[in-house]
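# Observations on the three-dimensional arrangement
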Amino acid sequence: MLSKPNAQPNQSLIDGIATLQALAVSPEPVGNRELARQLGFNPTRVNRLLKTLSYLGIARQTANRKYTAGPGMHVLAAQSLHASRIMQDALPVLEELRRFGLTIALGVLWRDSVSYLFHAPPGMSTTQGIGRIGLLPATSSGIGMALLAQHEDAVIHDLFVDREIPGFPGGLDDLFAAIAVVRMQGFARVLVNAEEDRHTIAVPVSHPSFAAVGMSGWIPEQNTGPIVEALQNAAARIGD
């Protein structure tokens, strides 16, 4: 998540990580110029960054000279999950929540998006629920709103100023009003599918929060309390 830097940030490192992130979320190999357009970077600079990432094994070049994730990226992902122990600690807890018959999710916030480490609807096996969904807009996600509410208004403003905000056609004023409710309640309850009357309820994990855990489905208002209590207990166990 963005925060105010204590020192002058290294722009080359920022651009390199942005390029790495774009590769990580691309469902297909991507060319240099296409990636430059996505990032708003100079193609020559992107080409240099891609060649550096390829040299390190974090990216790899395909036969048609496009780029995709390399073995180094998978090693980084596996090492980070192993070192943080978040999935090892979370999976038994998430499995217990499945007694509610709802979709169970664990996600983290990256800028204005949520990445789901775990997302399993009823009937799906636990192993199938790991890493099956890519980035989704934070403002249309219960997990995203629970995590956005943990950050200062200035950070949220910088993320969403002068742009369309998914789920909030009224812009920043509407978003800040919703964030205020989440902060007051201590949890997020977000309508994620109006036709099916499907909501997500989510609470942050640890303080400062590094993730959020949520349940999604048809949740009558009177069931909110027991679900929040179960999620808070789960969050406490995951964040220990």
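Residues numbered from 1 in each chain as written. Predicted model: local features only at pLDDT ≥ 70, side-chain atom pairs only at ≥ 80, totals over all residues. Heavy atoms only, no water.

## Focus on the packing of helix H5 (residues 86-97) against helix H9 (residues 224-238)
It is at 9 Å that the axes of H5 and H9 come closest, and there the two elements cross at 165 degrees. In terms of orientation, H5 and H9 fall into the roughly antiparallel class. Handedness of the crossing formed by H5 with H9: right-handed. The segment H5 lies against H9, with Asp 89, Ala 90, Val 93, Leu 94, Glu 96 and Leu 97 engaging Ala 230, Leu 231, Ala 234, Arg 237 and Ile 238. Grouping the constituent residues of the contact of H5 with H9 by class yields eight nonpolar, no polar and three charged. (Axes fitted to C-alpha atoms, helices over the stretch in contact; angles between N-to-C directions. Helix = DSSP H or I, 4+ residues; strand = E, 2+ residues; numbered from the N terminus. Parallel < 35°, antiparallel > 145°, perpendicular 65-115°, else oblique. Left-handed = near helix turned anticlockwise from the far one by under 90°. Contact = heavy atoms within 4.5 Å. Nonpolar A, V, L, I, M, F, W, Y, C, P; charged D, E, K, R; others polar.)

## Some details on the pairing of strand S6 (residues 188-193)
One ladder, built from five bridges, connects S6 with strand S7 (residues 198-205); its direction is antiparallel. Counted as the bridge partner of Val 190 is Thr 200 from S7. (Pairing = 2+ DSSP bridges.)

## Description of the sheet that holds strand S4 (residues 113-120)
Across the sheet, which stays open at both edges, the six strands sit in the order S5-S4-S3-S8-S7-S6 with antiparallel pairing between neighbours. Either end of the sheet is taken by a strand with one partner, and the two such strands are strand S5 (135-137) and S6. Averaged over neighbouring strand pairs, the angle between their axes works out to 35 degrees when direction is ignored. One ladder, built from three bridges, connects S4 with S5; its direction is antiparallel. Counterpart to Val 114 in the pairing with S5 is Leu 136.

## What to know about the layout of surface pockets
Here the largest pocket is characterised by a volume of approximately 1200 Å³. Residue lining of the largest pocket: 28 residues in total, with Ala 24, Ala 77, Ser 80, Ser 115 and Leu 117 positioned closest to the centre. Counting residues per element, the ones that place at least two in the lining of the largest pocket are helix H1 (11-25), helix H4 (71-84), H5, strand S3 (103-110) and S4. Sorting elements by how many residues they give to the lining of the largest pocket places H4 first, with seven residues. (1 Å grid on protein atoms, 1.4 Å probe; cavity = no way out; pocket = protein on both sides within 12 Å on 5 of 7 lines; lining within 4 Å. Points joined across faces, edges and corners; volume = space filled by probe spheres on them.)

## Points about the pattern of salt bridges
In the structure shown here, the tally under the stated rule is seven salt bridges. A salt bridge links Arg 189 to Glu 221; the nearest nitrogen and oxygen atoms lie 3.6 Å apart. Pair noted here: Arg 189 is in strand S6 and Glu 221 is in the loop between strand S8 (211-217) and H9, with a separation of 32 residues, a long-range link. (Salt bridge = Lys/Arg side-chain N within 4 Å of Asp/Glu carboxyl O.)

## Re the packing of aromatic side chains
The full count for this structure, using the stated rule, is zero aromatic pairs. Just above the ring of Trp 110 sits the side chain of Arg 111; from NZ or CZ to the centre is 5.6 Å. (Phe/Tyr/Trp six-rings, centres within 6.5 Å; stacked < 30°, edge-to-face > 60°. Lys NZ or Arg CZ within 6 Å of the ring centre and 35° of its normal.)

Any functional reading would require information beyond the geometric quantities listed.
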